[in-house]
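Structure at a glance
So the chains spell out like this:
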Amino acid sequence: MFLYKKFYPKKIFKNLLQIDINFLRQNNIKAIFLDIDNTIMDYDGNIIEGLENWVENLKDYGIKFCIVSNTSKKEKAERVSNLLKIPFINLSTKPLRRGLKKAKKIIKIYDDSVIAVVGDQVMTDVWGANRCKMFSILVEPIKDKDILVTRFNRIFERIILKEYYKNNKEE
């Protein structure tokens, strides 16, 4: 249904480590904005194994990074930022554009079409990216554990993704 298209990701991966330089080059991606919760870290504070190497390898190819998270926990965002040696924005208010626009200024890339936003939620990460005309990438949540508002959003997400898969049979 056309109503859902603004919520459709441009690409879906099982996890972000599957995103490689070939995919990024094919889609002219020069920067990646990363979500934290259930994208690169579970709610117990465990970071995806291999994340540091993945970021460093892509940096070697010139890919720029910024963490863009709705988390209110600045210490958590700062911890991940320091670990990966990339800037961060917490309280980004996705799907609103404000945090994503701020991240563009931080990394000094102003062409929305060359920026990918990677996250585990349709209602925040994908919709926010799509509203900014950025390349939206949805990854499966690391774990099923979510905060209350996310559990509520997942209800709508299931409906949207059902329509997405019905209309994008190759995924």
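Residues numbered from 1 in each chain as written. Predicted model: local features only at pLDDT ≥ 70, side-chain atom pairs only at ≥ 80, totals over all residues. Heavy atoms only, no water.

1. Digging into helix 3 (residues 74–84)
The set of residues buried in helix 3 consists of K76, A77, V80, S81 and L84. Down the axis of helix 3, the buried side of the element spans an arc of 130°, and every buried residue falls inside it. Turned more than 90 degrees off the buried face of helix 3, the exposed positions are E75 and N82. Considering only its buried residues, helix 3 is in contact with helix 2 (51–60), strand 3 (64–68) and strand 4 (88–89). Where helix 3 terminates, the next one or two residues include K85, which has phi positive at roughly 55°. (Buried < 20%, exposed > 50% of the residue type's maximum accessible area, 1.4 Å probe, protein only. Helix = DSSP H or I, 4+ residues; strand = E, 2+ residues; numbered from the N terminus. Arc of directions from axis to C-beta. Contact = heavy atoms within 4.5 Å.)

2. Re the nonpolar core
Residues L16, I32 and W54 are the most contacted members of the largest nonpolar core, which totals 29 residues. For this core, the elements supplying multiple residues, two or more each, are helix 1 (21–26), strand 2 (31–34), helix 2, strand 3, helix 3, strand 5 (115–119) and strand 6 (135–139). Dropping the residues within four chain positions of it, L16 is found in contact with L34, T39, I40, I48, L51, W54, V118 and V139. Core analysis: the second largest hydrophobic core is formed by 15 residues, A31, C66, I115 and V117 among them. (Core = buried A, V, L, I, M, F, W, Y, C linked by side-chain atoms within 4.5 Å.)

3. Some points on helix 4 (residues 98–107)
Those residues of helix 4 lying buried are G99, L100, A103, K104 and I107. Within helix 4, the buried residues cover an arc of 145° as seen down the axis, which keeps them to one side. When the buried face of helix 4 is taken as reference, the exposed residues oriented beyond 90 degrees from it are R98 and K105. Buried residues belonging to helix 4 abut strand 2, strand 3, strand 4, strand 5 and helix 5 (122–131). K108, located one to two residues past helix 4, shows a positive phi value of around 60°.

4. So, the packing of aromatic side chains
Summed over the entire model, instances satisfying the criterion amount to 4 aromatic pairs. Between F13 and F23 the ring centres are 5.1 Å apart and the planes differ by 90°, which places this aromatic pair in the edge-to-face class. A residue pair is termed long-range when its members are at least 10 positions apart, and F13 in strand 1 (residues 11–13) and F23 in helix 1 qualify at 10 residues. When its relative accessible area of 11% is taken as the criterion, F13 is described as buried. Here the aromatic residues F13, F23 and F135 are joined through ring pairs into a cluster of three or more. Sitting over the face of the ring of F13, K11 holds its NZ or CZ atom 5.6 Å from the ring centroid. It is R131 that lies over the ring of W127; its NZ or CZ is 5.9 Å from the centre. (Phe/Tyr/Trp six-rings, centres within 6.5 Å; stacked < 30°, edge-to-face > 60°. Lys NZ or Arg CZ within 6 Å of the ring centre and 35° of its normal.)

5. Brief notes about the sheet that holds strand 5
In a beta sheet, neighbouring strands are held together by backbone hydrogen bonds and run either parallel or antiparallel to one another. Spatially, 1-6-5-2-3-4 is the arrangement adopted by the 6 strands of the open sheet, whose pairing is parallel. Strands with a single pairing partner mark the edges of an open sheet, and in this sheet they are strand 1 and strand 4. Here 2 bridges tie strand 3 to strand 4, and the two strands are oriented parallel to one another. Opposite I67, over in strand 4, you have F88 as the bridge partner. Helix 5 rests against strand 5 and strand 6 of the sheet, and its axis sits at about 160° to strand 6. (Pairing = 2+ DSSP bridges. Axes fitted to C-alpha atoms, helices over the stretch in contact; angles between N-to-C directions.)

6. Details of the environment of L24
As for its placement among the helices and strands, L24 is situated in helix 1. The spacing of L24 and A116 is 92 residues in sequence and 8.7 Å in space, taken between C-alpha atoms. Setting aside residues up to four positions removed in sequence, L24 forms contacts with I19, I29, I32, L58 and I63.

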